[in-house]
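A look at the structure
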Amino acid sequence: MEPEWSGRSVTRKEMEEARGRILGWFDEFPFVNQSSRADCVAAALTPWFARANPMAAIPGVMIHAVEQNSGKTQLARLISMTTTGYAPLAIPSSELPTDENEIKKTVVSLLIEADKPVYLWDNIKHSVSSAFLEGMHTSREVTARILGQSKTVRVQNNTLWLYTMNEATASEDMLRRLVVIKLDTSVGSTRPWSGNVL
């Protein structure tokens, strides 16, 4: 079934209606400013643009809050579902190693075994600093050894990687490769939080 606008130009009114509908999906989240809100919408559309442009690098997305229960994981799920229709593959923060070699093996194994469009490192509690992760967010291809093997492989990275954290940190080089979305419940939201945005 083709959309009703197929084969013709989309009108400005239709574009404004679509814009309002997309922004409305995120009205219940307490973004610290309009920049974080805009970055959230851009992140939600990233999987679609990534499919359309297989050569473009895919930046990571950090959802940061100053306190717990700010809606970080819910927002990550909504970002993923906006264009993929699926919740992200959530990985506990305990499974994000701090050792560089283990990070390489873990990420490559995930890309080979699961091959999902969106991954979520949820509720990170330690500093994120990794040359491999930095490179991953500037390339559509990664090379490393498979977990539990000595074999080196090269795999495609067509994935949007999300990170959620409370007051955790990331290295300066890592932050330059991330889109940072900040939440703060003291700021409030466009609509009151219902807890049922998905």
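Quick caveat: nothing in here was measured; it's all calculated off a predicted structure.

1. Describing the overall build of the chain
- Helix and strand counts for the chain stand at six helices and seven strands.
- Counted from the first residue to the last, the chain has its helices and strands arranged as α-α-β-α-β-α-β-α-β-β-β-α-β.
- Looking at the 198 residues of the chain, the share that counts as buried comes to 42%.
- Looking at the chain as shown, the accessible area adds up to about 10,900 Å², and 51% of this sits on carbon and sulfur atoms.

2. Concerning the nonpolar core
- By size, the foremost hydrophobic cluster in this structure holds 26 residues, and its most contacted members are V107, W121, V128, F132, L133, W161 and Y163.
- Listed by contribution, the elements that provide at least two residues to this core are α4 (100-113), β3 (118-124), α5 (131-136), β4 (141-145), β5 (152-156) and β6 (160-166).
- A per-element tally of this core places α4 first, with five residues.
- Apart from the residues lying within four places of it in its own chain, the contact partners of W121 are I91, P92, E95, L96, T106, V107, L110, W161, L162, Y163 and T164.

3. Re the side chain of H137
- Examined against the element boundaries, H137 turns out to sit in the loop between α5 and β4.
- Excluding residues within four positions of it along the chain, H137 makes contact with A57, I58, P59, G60, W161, Y163, M174, R177 and L178.

4. Considering the pairing of β5
- What you see with β5 is a clean split: V153 and V155 sit on the buried side and T152, R154 and Q156 on the side with no burial.
- Pairing analysis gives five bridges linking β4 to β5, with the strands arranged antiparallel. Bridge pairing in β5 places E141 opposite Q156.

5. Quick notes on the sheet that holds β6
- In space, the five strands of this open sheet follow the order β2-β3-β6-β1-β7, with parallel pairing throughout. Both outer strands of the open sheet, β2 (89-92) and β7 (178-183), are each paired with one neighbouring strand and no more. Averaged over all neighbouring strand pairs, the angle between strand axes comes to 20 degrees, with direction disregarded.
- Examined bridge by bridge, β2 and β3 share four bridges and lie parallel to one another. Bridged to A90 within β3 is L120.
- Seen against the sheet, helix α2 (residues 34-52) touches β1 (60-65), β3, β6 and β7 and runs at an angle of roughly 130 degrees to β7.
- Docked against the sheet, α4 engages β2, β3 and β6, running at close to 140 degrees with respect to β3.

6. Thoughts on helix α3 (residues 72-84)
- Taking 1.5 Å as the rise per residue, α3 with 13 residues should run 18 Å; its terminal C-alpha atoms sit 19 Å apart, in good agreement.
- Those residues of α3 that fall on the buried side of the exposure criterion are K72, L75, A76, L78, I79, S80 and T84.
- Among the structural elements, α2, β1, β3, β6 and β7 are those in contact with the buried residues of α3.
- Directly beyond the C-terminal end of α3, a positive phi value near 85 degrees is found at G85.

Reading the values: rules and limits
- Residue indices follow the written sequence of each chain, beginning from 1 at its first position.
- Thresholds applied to this predicted model are a pLDDT of at least 70 for local features of residues and 80 or more for the giving and counting of side-chain atom pairs; totals over whole chains, interfaces and linings are not thresholded and use all residues.
- Side-chain measures here rest on the full set of heavy atoms in the structure, leaving out hydrogens and waters.
- Starting at the N terminus, helices and strands are each numbered in turn, a helix being any DSSP run of H or I of at least four residues and a strand any DSSP run of E of at least two.
- Here the term buried applies to any residue with accessible area under 20% of the maximum for its type, exposed to any over 50%, and partly exposed to those in between, with areas from a 1.4 Å probe on protein chains only.
- Residue burial considers only the protein chains on display, and all accessible areas are found by Shrake-Rupley using a 1.4 Å probe.
- Definition of nonpolar core: a set of buried residues of the types Ala, Val, Leu, Ile, Met, Phe, Trp, Tyr and Cys, connected through side-chain atoms within 4.5 Å.
- The criterion used for residue contact is that any of the two residues' heavy atoms lie within 4.5 Å.
- A pair of strands counts as paired when DSSP detects no fewer than two bridges linking them.
- Axis geometry follows a simple rule: fit a line to the C-alpha atoms, using only the stretch in contact for helices, then measure angles between N-to-C directions, giving values from 0 to 180 degrees.
- Given a helix with a known number of residues, its expected span is that number minus one, times 1.5 Å.

The quantities given are spatial measurements derived from coordinates; they are silent on function.
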